[in-house]
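Descriptive structure summary
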Amino acid sequence: MSVTIGVLSIQGDVKENLLSVQTAVEQLGINASVCSVKTPEEISRVDGLIIPGGESTTIGQLSLVNGSLKILKEKIENGMPVLGICAGMIMLSNTADDRVVGKTDQPLLDVLDVKLERNSFGRQRESFEANISMNSIDIPNFNGVFIRAPSVSDVGSDVEVLSKVNEKIVAVKKGNIIGTSFHPELTQDVSLHKYFVNLVSNQSN
Ligand code: GLN
């Protein structure tokens, strides 16, 4: 059976994720189609979704206005696998305060019981790369690219911590929901995208 994997294309790193997930599908030899999705109708057809990094306030506001936020929440609550990257992880969370400005009342999906600190590592010019270990999902070495990245300051009891950098939590998982502070699509390494494609494929078959 073929699965459909979408990349939410409201704002942010859409093209890079389409490329990474397409490469992952090819390397795995899985029967899957990859597409960008924006409207509720398009979102209703996917079996798994990547919410890319970008600007979470923009992604949240625009998906609220075009009606996508509601269907996204419903589908994720019904078990659709989702990978939220940076701003995408912020979208998945239930609380996200900015390190400097605090609360912003931005629209969130509230499907992952984590508290996030936005821009936790500083501004754009403080972007950095760090070696990441996600041993529990068999990715022991990964180059994490952090750009105005959030960190997870608190996790609910059912949320698994996948990785930390300098004592800050930077990757989490709860069932079919994965969130990362860093940008896997900005490296040549598609192992996290492959892990996600397998998650979608196993869920749908
Ligand atoms: N700082 C951005 C936000 O709060 C996230 C940055 C990113 O996705 N690279 O939405």
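So, on to the environment of Ile-59. Considering the arrangement of structural elements, one finds Ile-59 in helix α3 (residues 56–65). A C-alpha to C-alpha distance of 23 Å links Ile-59 and Thr-187, two positions 128 residues apart in sequence. Excluding residues that lie within four positions of it along the chain, Ile-59 makes contacts with Leu-8, Ile-10, Gln-11, Pro-52, Ala-87 and Met-91.

In this section: the site of the ligand. Taken together, Gly-53, Gly-54, Glu-55, Ser-56, Cys-86, Ala-87, Ile-90, Arg-118, Asn-119, Ile-147, Arg-148 and His-183 form the complete shell of residues around the ligand. At 2.9 Å, a backbone N or O of Gly-54 approaches an oxygen atom of the ligand. A distance of 2.6 Å separates an oxygen atom of the ligand from a polar backbone atom of Ser-56. Contact with the protein chains removes 98% of the 300 Å² of surface that the ligand exposes when unbound. Tallied by class, residues from the shell around the ligand come to four nonpolar, five polar and three charged.

The pairing of strand β7 (residues 128–134) with strand β8 (residues 139–146) spans six bridges and is classified as antiparallel. Residue pairing in the sheet places Ile-132 in a bridge with Phe-142 of β8. The antiparallel pairing of β7 with β8 creates a hairpin that spans four residues between the two strands, and Asp-138 there sits at a positive phi of about 60°.

Within helix α4 (residues 68–77), burial applies to Ser-68, Leu-69, Ile-71, Leu-72, Lys-75 and Ile-76. Looking straight down α4, one finds its buried side chains confined to an arc of 170°; they lie on one side. Exposed residues lying more than 90 degrees from the buried face of α4 are Lys-70 and Glu-77. Gly-79 sits one or two residues past α4 and shows a positive phi near 105°.

Moving on, we get to the packing of helix α1 (residues 14–28) against helix α6 (residues 191–204). Where α1 contacts α6, the axes come no closer than 9 Å and their chain directions differ by 70°. When the interaxial angle is binned, α1 and α6 end up roughly perpendicular. Every pair of crossing elements has a handedness; the one defined by α1 and α6 is right-handed. Here α1 contributes Asn-17, Ser-20, Val-21, Ala-24, Val-25, Gln-27 and Leu-28 to the contact with α6, which in turn contributes His-193, Lys-194, Val-197 and Asn-198. Its residues assigned to classes, the contact of α1 with α6 comprises five nonpolar, five polar and one charged.

Our next topic: α6. Within an α-helix, residues lying three or four positions from one another point in the same direction, as the helix has 3.6 residues per turn. For α6, with 14 residues, the first-to-last C-alpha span of 20 Å sits near the 20 Å given by 1.5 Å per residue. Those residues of α6 that sit buried are Leu-192, His-193, Phe-196, Val-197, Leu-199, Val-200, Ser-201 and Ser-204.

With that settled, the discussion passes to the side chain of Gln-106. Tracing the backbone through its elements, the reader meets Gln-106 in the loop between β5 (93–98) and β6 (112–118). At a separation of 2.9 Å, a polar atom in the side chain of Gln-106 contacts the side chain of Ser-56. For Gln-106, the contacting residues outside a window of four places in its chain are Ser-56, Thr-57, Ile-90, Ala-96 and Arg-118.

Turning to the nonpolar core, a few remarks are in order. In terms of nonpolar packing, the biggest core is built from 34 residues, with Ile-132, Met-134, Phe-146, Phe-182, Leu-192 and Phe-196 touching the most fellow members. Looking at this core, the element that brings in the most residues is α6, giving five residues. Those residues within four positions of Ile-132 in sequence are excluded, and the remaining contacts are Ile-139, Pro-140, Asn-141, Phe-142, Gly-144, Phe-146, Ser-163, Val-165, Val-170 and Phe-182.

Looking now at the packing of aromatic side chains. Under the definition given, this model contains five aromatic pairs. With a centroid separation of 5.9 Å and 45° between ring planes, the pair formed by Phe-142 and Phe-182 is classed as tilted. Residue Phe-142 is found in strand β8, and its partner Phe-182 is found in the loop between β12 (177–180) and α6; the two are separated by 40 residues along the sequence. On the basis of relative accessibility, which here comes to 1%, the residue Phe-142 falls in the buried class. A relative accessible area of 0% means that Phe-182 is categorised as buried. An aromatic cluster is present here, built from Phe-121, Phe-128, Phe-142, Phe-146 and Phe-182 joined pairwise through their rings. Here the guanidinium or amino end of Lys-168 rests over the ring plane of Phe-121, the centre of that ring lying 4.9 Å away.

Conventions and cut-offs
Residues numbered from 1 in each chain as written. Predicted model: local features only at pLDDT ≥ 70, side-chain atom pairs only at ≥ 80, totals over all residues. Heavy atoms only, no water. Helix = DSSP H or I, 4+ residues; strand = E, 2+ residues; numbered from the N terminus. Contact = heavy atoms within 4.5 Å. Near = heavy atom within 4 Å. Polar contact = N/O pair within 3.5 Å; in protein donor to acceptor, adjacent residues only side chain to side chain. Areas by Shrake-Rupley, 256 points an atom, 1.4 Å probe, with all protein chains shown as cover. Nonpolar A, V, L, I, M, F, W, Y, C, P; charged D, E, K, R; others polar. Pairing = 2+ DSSP bridges. Buried < 20%, exposed > 50% of the residue type's maximum accessible area, 1.4 Å probe, protein only. Arc of directions from axis to C-beta. Axes fitted to C-alpha atoms, helices over the stretch in contact; angles between N-to-C directions. Parallel < 35°, antiparallel > 145°, perpendicular 65-115°, else oblique. Left-handed = near helix turned anticlockwise from the far one by under 90°. Expected span 1.5 Å × (residues − 1). Core = buried A, V, L, I, M, F, W, Y, C linked by side-chain atoms within 4.5 Å. Phe/Tyr/Trp six-rings, centres within 6.5 Å; stacked < 30°, edge-to-face > 60°. Lys NZ or Arg CZ within 6 Å of the ring centre and 35° of its normal.

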